[in-house]
Amino acid sequence: MNKYLSIFKISFQQEFVYRLNFIMWRVRNVLQIFLIFFLWDTIFSDPGRVVFGYDRAKILTYIFGLAIMKAIVTSSRTIDVAGEISDGKLSNYLLKPVSYFKYWFTRDIASKSLNLIFAVFEVNILYFILKPPFFFQTDPFLLVLFLVSLLGGVLLYFFLLFIFDMFAMWYPEQGWGPIFFLFIFVEFLGGGLFPIDILPAAIQRGLYLTPFPYLYFIPLQIYLGKLGILESLQAVLVGGVWIVVSGFTLKKLWQAGLLVYKSEGR
Amino acid sequence: MNRAIIVDHLVKNFEVVERKGGLIGAISSVISPKKKTVHALKDVSFSIQPGELVGFIGPNGAGKTTTLKILSGLLYPTSGFTQILEFDPWERRPEFLKQISLVMGQKNQLWWDLPAIETFELNRAIYEIPKRDYNENLKELVGLLGVEKFLHIQVRRLSLGQRMRLELIAALLHKPKILFLDEPTIGLDLIAQKTLREFIYDYNKKYEATILLTSHNMDDVVDLARRVIVIDEGRILFDGILEELVSRYAKEKIIKVYLSKEDDIKRIETIGKVKRLAFPQVILSVPRSTVAIAAAELLQNFPIEDLTIEEPPIEEIIRKVFRGGIKPKNLPK
Amino acid sequence: MKSLLRYINIWWLMSKNSFVSVFYSKLSLTLFLIAKTLRFLFFFVFIFFLLKGTNSLAGYNLNQTVFFFLTFNLVDITAQFLYREVYRFRPQVISGGLDLTLTKPISPLFRSLMGGADVIDLITIPPLIYAIFYVGRMLNPSLLHATYYLLLIVNGLLIATAFHIAVLGLGIITLEIDHTIMIYRDVTNLGRFPVDIYKQPLQGILTFLVPVGIMITLPAKALMGLVSPIGVFSSFLVGVAAVFLSIQFWNFALTKYTSASS
């Protein structure tokens, strides 16, 4: 346990070294929120308007909730894994008595903690500027399910990202491509730009068979009370299935990857 | 346990994709890529006793680094048997990893943007080193390598020599019983090299650590290793005492001479075989036993401005050895 | 003239190298192509469904909104095609590769800006141009307005060029930020929709200060006949001034260059 506390500590320190960089990263996040916020704000400039079951209050709540969800789920250092495999730095970790997965998960937690602090701060400021309506969930069951699905989203994102990092074992110079590919899917099919439920029902059903909605969309929907308790439970279970599947896939890829790892770079 | 490292009939192959040049070549490699097998290690066997300091030498691409990587569990052998301290390195058990260390010249483990002490603390936690041992080890290593002043400076700001010393500390904090050093003196100035060599020697003596060292630097080998294993093109060519290697296979020494004025090449050829002639430099090779006489003769009879006597380059010895077609194994008693 | 030909030749050679290295990486080529196409398609589908439900966005109908989006893509992707090398600049500065660039008898700005044309983006441009023709025709522009459109696209590329040069300059002055170019992308991404959707003061900022509006929204508006000749002219003033200022900044940045240590 001490091991991972130490990793957390050094990871946290590392983030602070490039303070300006980190702040610019947060600025980027804020810009992205602006895009979505203003877009929907314009669409709902007529206050009585209802589109796809969303009114102004609901959509703006969605966007603000999304900002926090993304800070928790998608802020991650694990994209660096592909680079470490490419330049051979992975070797340093293989030589040490530490689990590479636990190591990176700990680093992610450190990054998420820092990002969350900032996100909360930003959201508060944006709240005062843009004054969107915000909804506070009070049902304890839903809150619990929300937390479970959020944690599930964190784990699932970690596994998915790591799986795509694994491409670097077979294609060391091409580590970024697969991750970029993943990002596109997560952004669009995960509810990053628009709530999934504005799409036609048939497409929605298809989407819920993929892992993407379970990253931050489903947790947010559970929080907002858009799904009843039974449906929320169902969603959590499906998310759980995806976690198991991706975890298992990752393990297999890792073992296969190590067999071909050339430890290049020296 | 009488053997720390056992390697038996180790084989390692790599698959490489062949690239053709130009735009057409690039497009054709998309459609039908050509694969080639590189036989990095063909049949390697040796064993090392605890506490030995062994030099592992050979030309570039001979398979030294590949061997070290297999011994430390990074690469999977194509076939063959390896055992270290009664562990299979590939399994990478924590108990195994806590007892070994691999130091590669260019590969850093220190976190670039933070002071070295932070990485040390991290390693302490990872290797689960008790606090008291950690403090003792740290103090000792820092003292031996003289890096007290650099512990709290961002690593990126330090010079290569300073960084290398700190990297070494990071690799030794957990007092590994087995140390793999891959070209440890590469890129260092002469004084830093000497300091490092003395340190490695002391470490070996004091902690009875088993050390396997690869190097292109003859001084590293001569100063440190009593026993050398010579590898070339994936095979062991020699395994024995260094003096035996040199005396058996380097029958000659090199004399480098700087002439102060031009002289008749034929006359110089009477002293020894001229290997290279580029006025004012002449490089000769003479039999080992008569090198002193040859040097004296040169100094007496020729307009010499400077003269040095050198060992032939290690590659030459090895190439020569291979041409001689010796048996692959030659173990000491 | 000879100098221009020389530079064109060098650009061609560097681009060829860049293209060749992409073809060696089959996986990357495939994944990037698919991902970029999907990114476009997903967003397009989103706009489609959005406008089906709302009928208009800030006063623009479906065809017009789509046209704004297509115009955004043209400027954005062309800039990425030409200036992909800017994304690799920071590692160059850190590793000391910039030193090698600076000592060669060729403009380091040219090398750092255009040395790595991206063939994957190039592949996506022809279908995009076709789509622009197709949708643009449905908006029935006059010849004059279509000409304004083309001119303002060129101007948009000028502004994009100025941005990229500024990013390069910033990359020399401070190593603190590793993704300045991505900030540029996030800001220009706001141009996927007409800047009219943003409330003031953001709309003002985007139109005049960080001229995304001039870069992307304005050409499309011109096609729809919403821009006067004076508007076109003053936009060009902005574009040219931007390029000029950015080059001054680059030259200034070079004086501040401290070479990386070994």
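For every chain, the first residue of the written sequence is number 1, and numbering continues from 1 onward in sequence order. All chains are assigned letters beginning at A, and all ligands numbers beginning at 1, according to the order in which they are written. In keeping with the predicted nature of the model, local features appear solely for residues at pLDDT of at least 70, side-chain atom pairs appear and are counted solely at 80 or more, and the whole-chain, interface and lining totals rest on all residues.

(A) Broad picture of the overall build of chain C. When its secondary structure is counted, chain C shows twelve helices and zero strands. In this description a helix means any DSSP run of H or I spanning at least four residues, a strand means any run of E spanning at least two, and both kinds are numbered starting from the N terminus. Start at the N end of chain C and walk to the C end: the helices and strands fall as α-α-α-α-α-α-α-α-α-α-α-α. The C-alpha radius of gyration computed for chain C amounts to 19 Å, which stays within 12% of the reference 18 Å derived for 262 residues, consistent with globular compactness. With respect to the principal axes defined by its C-alpha atoms, chain C has extents near 60 × 40 × 40 Å. Any residue surrounded by 20 or more other C-beta atoms within 10 Å of its C-beta is treated as buried, while 12 or fewer makes it exposed and the intermediate range makes it partly exposed; C-beta atoms here are placed from the backbone. Per-residue burial over chain C gives 37% buried out of 262 residues. Two residues qualify as being in contact provided that their C-beta atoms, derived from the backbone, are within 7 Å of each other. Sequence-distant contacts, at least 24 apart, represent 81% of the contacts inside chain C between residues at least 6 apart. Every radius of gyration here is taken over C-alpha atoms, with the globule rule written as 2.2 Å times N^0.38, N being the number of residues.

(B) Geometry of the overall build of chain A. Of the regular secondary structure elements, chain A holds twelve helices and two strands. Counting from the amino terminus, chain A carries its helices and strands in the arrangement α-α-β-β-α-α-α-α-α-α-α-α-α-α. Taking 18 Å as the expected radius of gyration for a compact globule of 266 residues, we find that chain A reaches 20 Å, a close match to that expectation. A principal-axis box enclosing the C-alpha atoms of chain A has dimensions of 65 × 40 × 35 Å.

(C) Layout of unusual backbone geometry. Residue B:Pro280 is bonded to the preceding B:Phe279 through a cis peptide linkage, with omega at 5 degrees. A positive phi angle, near 50 degrees, is found at B:His9, a position not held by glycine. By secondary structure assignment, the location of B:His9 is in strand S1 (residues 5-18). Owing to 14 C-beta atoms within 10 Å, B:His9 belongs among the partly exposed residues under this scheme. We note that C:Ala58 has phi near 50 degrees; this positive angle belongs to a residue other than glycine. Position of C:Ala58 among the secondary structure elements: in the loop between helix H2 (26-54) and helix H3 (62-83).

(D) Summary view of the sheet that holds strand S11 (residues 273-278) of chain B. Residues and elements named next belong to chain B. Here, a strand pair is defined by DSSP locating no fewer than two bridges between the strands. In spatial order, the strands read S11-S12-S10-S13; together these four strands make up an open sheet with antiparallel pairing. Two strands close off the open sheet at either side, each with one partner strand: S11 and strand S13 (304-310). Taking the axes of each pair of neighbouring strands and ignoring which way they run, one obtains an average angle of 20 degrees across the sheet. Judged from the seven bridges that link them, strand S10 (residues 252-259) and strand S12 (residues 281-287) form a sheet pairing that is antiparallel. Its bridge partner lying in S12, Val 257 is registered against Val 282. Lines are fitted to the C-alpha atoms to define the axes, a helix being fitted only along its stretch in contact, and any angle between axes, read from their N-to-C directions, falls within 0 to 180 degrees. Strands in contact with helix H11 (residues 291-301) are S10, S12 and S13; relative to S13, the strand with the most contacts, it is inclined by about 170 degrees.

(E) Quick peek at the interface of chain A and chain C. Facing the 30 residues of chain A at the interface are 30 residues of chain C. With 13 residues, helix H2 (residues 19-43) of chain A is the largest single contributor of residues to the side of chain A that touches chain C. When the residues that make up the side of chain A that touches chain C are grouped by side-chain class, the tally is 23 nonpolar, five polar and two charged. Residue polarity follows a fixed list, in which Ala, Val, Leu, Ile, Met, Phe, Trp, Tyr, Cys and Pro are nonpolar, Asp, Glu, Lys and Arg are charged, and the others, Gly among them, are polar.

(F) Spatial organisation of the environment of B:Pro94. Residues and elements named next belong to chain B. With respect to the helices, strands and loops of the structure, Pro 94 is situated in helix H3 (residues 94-97). For Pro 94, a count of 14 C-beta atoms within 10 Å translates into the label partly exposed. For the pair formed by Pro 94 and Pro 287, sequence separation is 193 residues and the distance between their alpha carbons is 52 Å.

(G) Broad picture of the interface of chain B and chain A. Contacts between chain B and chain A engage 26 residues on the former and 21 residues on the latter. When contributions to the side of chain B that touches chain A are tallied by element, the ones reaching two or more residues are H3, strand S5 (100-104) and helix H4 (116-127) of chain B. Ranked by residue count, the leading element in the side of chain B that touches chain A is H4(B), at six residues. In the side of chain B that touches chain A, the residues fall into 14 nonpolar, five polar and seven charged.

(H) Quick look at the pairing of S10(B). As defined by bridge partners, S10(B) adjoins S13(B) across six bridges and the pair is classed as antiparallel. For B:Val257, the partnering residue across the bridge sits in S13(B) and is B:Leu307.

(I) Up close: helix H11 (residues 212-223) of chain C. All names here are of chain C. Given a helix with a known number of residues, its expected span is that number minus one, times 1.5 Å. Compared with the 16 Å implied by 1.5 Å per residue over twelve residues, the 17 Å span of H11 between its first and last C-alpha is a close match. Counting buried residues along H11, twelve of its twelve residues qualify, which places the element largely inside the surrounding structure. Among the residues of H11, those classed as buried are Val 212, Gly 213, Ile 214, Met 215, Ile 216, Thr 217, Leu 218, Pro 219, Ala 220, Lys 221, Ala 222 and Leu 223. Residues of H11 that are buried in the fold lie against H3, helix H7 (119-138), helix H8 (143-173), helix H9 (180-189), helix H10 (202-209) and helix H12 (229-255). Downstream of H11 by a residue or two, Gly 225 has a phi angle that is positive, lying close to 80 degrees.

(J) Region of the structure containing the nonpolar core. The biggest cluster of nonpolar side chains holds 119 residues, and the ones touching the most others in it are A:Ile63 and A:Leu215. Element by element, the count of residues in this core is highest for H8(C), at 13 residues. Contact partners of A:Ile63, with chain neighbours within four places excluded, come to A:Ile33, A:Ile36, A:Phe37 and A:Trp40. The term nonpolar core refers to a group of buried residues, namely Ala, Val, Leu, Ile, Met, Phe, Trp, Tyr and Cys, whose C-beta atoms join them within 7 Å. Of all hydrophobic cores here, the second largest spans 74 residues; its members include B:Val7, B:Leu181, B:Leu212 and B:Tyr249.

(K) Seen up close, the confidence of the model for chain C. pLDDT: the predictor's confidence for each residue, scored from 0 to 100. On average, residues of chain C score 88 in pLDDT, and 98% of them are at 70 or above. Taken element by element, the predicted model of chain C shows its lowest mean pLDDT in helix H5 (residues 97-102) of chain C (81) and its highest in H3(C) (94).

(L) Structural context of the environment of C:Gly171. Residue and element names in this part refer to chain C. With respect to the element layout, Gly 171 can be found in helix H8. Accessibility expressed as a C-beta count within 10 Å gives 22 for Gly 171, which makes it buried. Along the sequence, Gly 171 and Gln 203 sit 32 residues apart, while their C-alpha atoms lie 28 Å from each other. What Gly 171 contacts, discounting residues up to four positions off in sequence, is Phe 89, Arg 90, Val 93 and Thr 180.

(M) Broad picture of the pairing of S1(B). Residue and element names in this part refer to chain B. Of the pairings in the sheet, the one linking S1 to strand S4 (residues 79-84) comprises five bridges and is antiparallel in character. Within S4, the position partnered with Asp 8 by the bridge is Phe 81. Of the strand pairs in this sheet, S1 and strand S2 (residues 34-48) are connected by eleven bridges, and their pairing is antiparallel. From the neighbouring strand, Leu 10 faces S2, where its bridge partner is Val 44.

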